[in-house]
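# Structural overview
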Amino acid sequence: MELHAQASHLIPQFLNPRLNQRTDAYGGSGEKRARFLLDVLDTVSDVWGSDRIGVKMSPGWTSGTAFTADEETLADYDQLFKKLNDSNLAYLHLLGTPGTIEERIALFSRYRAHYQGNIIANLGFTQALGNEILDHGVVDAVSFGAPFIANPDLVERFAQGHPLADGDRDTHYAGHTEGYTDYPAFTADRDRNE
């Protein structure tokens, strides 16, 4: 099971010092703002076992003025990652930020310095960039979201060196199959005719 604590979902709103203005046990310091996630994790772990739970987070995500990956916010995430070491999670699924491979390695190296369990990197990876960050040993796996929508056979395309289809982001998660679940698998005949 994966707890979604990324982007603007509920859990990151508690983690966010600009949004969380609470004065109770769930507000104030970074440690108190993290308590909500840790309480949810403890409760879910009682049912599933923490070793069967992953947590998806986006410490570097910026959107508007509320979600800003400034040094204060990243330092709070550093402390939270240290605390998550005690949780025996299956994995920590982290959204990176766009950038060069060197910038991505630096970012995930920062995360690795604080979290010793399995880390899955996500956001904008190509097969080559994914392999390169894996080769540097700062993450244990790379996940691909949007490329899987337009390429239901993404693993096979990677393995065989087939080109990737382009997806239409305007139709992703639009509530119907068109542009979301109707992309075909690669065939040599179709590729020659396009």
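Remember, it's a predicted structure, so these values are computed and weren't measured experimentally.

Conventions adopted
- Residues numbered from 1 in each chain as written.
- Predicted model: local features only at pLDDT ≥ 70, side-chain atom pairs only at ≥ 80, totals over all residues.
- Heavy atoms only, no water.
- Buried < 20%, exposed > 50% of the residue type's maximum accessible area, 1.4 Å probe, protein only.
- Helix = DSSP H or I, 4+ residues; strand = E, 2+ residues; numbered from the N terminus.
- Pairing = 2+ DSSP bridges.
- Right-handed = clockwise from strand over helix to strand, strands pointing away.
- Patch = residues over 30% accessible without salt bridge, like charges linked within 9 Å, V, L, I, M, F, W, Y side chains within 5 Å.
- Areas by Shrake-Rupley, 256 points an atom, 1.4 Å probe, with all protein chains shown as cover.
- Salt bridge = Lys/Arg side-chain N within 4 Å of Asp/Glu carboxyl O.
- Lys, Arg positive; Asp, Glu negative; His and termini not counted.
- Charge placed at Lys NZ, Arg CZ, Asp CG, Glu CD.

By the alternation rule, side chains of strand β4 (residues 119–122) split into Ile 119 and Ala 121 and Ile 120 and Asn 122, which are all buried. Bridge analysis of strand β3 (residues 91–95) against β4 gives four bridges, and the strand direction is parallel. Paired with Leu 94 across the two strands is Ala 121, which belongs to β4. Note on the crossover from β3 through helix α4 (residues 101–114) to β4: the handedness is right-handed. Strand direction decides the pairing type here: β4 and strand β5 (residues 141–142), joined by two bridges, are parallel. Considered in β5, the bridge of Ala 121 is made with Val 142. Each parallel crossover has a hand, and for β4 linked through helix α5 (residues 127–135) to β5 it is right-handed.

A separate point is a negative patch on the surface. Taken together, Glu 102, Glu 103, Glu 132 and Asp 135 make up a surface patch of like negative charges. Elements with a minimum of two residues in the negative patch: α4 and α5.

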